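# Descriptive structure summary
One letter stands for each residue in the lines below.
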Amino acid sequence: MYKITYVPTGHVFELPDEAANELKEKFPDDYKIIEKNGKKVREVRSKKIKNVNSNSIYSKVVEE
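Residues numbered from 1 in each chain as written. Predicted model: local features only at pLDDT ≥ 70, side-chain atom pairs only at ≥ 80, totals over all residues. Heavy atoms only, no water.

### A few points about the sheet that holds strand 3 (residues 31-36)
The strands making up a sheet associate through hydrogen bonds between their backbones, and the pairing can be parallel or antiparallel. Here four strands make up an open sheet; going across it, the order is 2-1-3-4 and the pairing antiparallel. The sheet is open, and its two borders are formed by strand 2 (11-15) and strand 4 (39-40), each paired with just one other strand. Here strand 3 pairs with strand 4 via two bridges, running antiparallel. Pairing of Glu35 across the sheet is with Lys40, part of strand 4. Relative to the sheet, helix 1 (residues 17-26) contacts strand 1 (2-6), strand 2 and strand 3, its axis offset from that of strand 1 by approximately 30 degrees. (Pairing = 2+ DSSP bridges. Helix = DSSP H or I, 4+ residues; strand = E, 2+ residues; numbered from the N terminus. Contact = heavy atoms within 4.5 Å. Axes fitted to C-alpha atoms, helices over the stretch in contact; angles between N-to-C directions.)

In structure tokens:
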């Protein structure tokens, strides 16, 4: 059994392995796995890269 959180609302669900993995694959940004079979899990989330217009002031001010 996996314990997952639906990130937008904060609701916690306990689901079977197959269902939790399916949700995580389909919606990776919306669900976060908290526990796998009673053991706590730390998930590393990758940062999204923004597409920035090169003519804007943002690209001149912020270093990437």
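### Focus: the environment of Ile33
Secondary-structure assignment places Ile33 in strand 3. Judged by relative accessible area, Ile33 falls into the buried class, the value being 7%. A C-alpha to C-alpha distance of 7.1 Å links Ile33 and Tyr2, two positions 31 residues apart in sequence. Those residues in contact with Ile33 that sit more than four places away from it in its chain are Tyr2, Lys3, Ile4, Lys24, Val41 and Glu43. (Buried < 20%, exposed > 50% of the residue type's maximum accessible area, 1.4 Å probe, protein only.)

### Re the pairing of strand 3
Every regular strand shows the same layout, with side chains that alternate between the two sheet faces. Of the strand pairs in this sheet, strand 1 and strand 3 are connected by five bridges, and their pairing is antiparallel. Of the residues in strand 3, the one forming a bridge with Tyr2 is Lys36. Count of turn residues in the strand 3/strand 4 antiparallel hairpin: two residues, of which Asn37 carries a positive phi of about 50 degrees.

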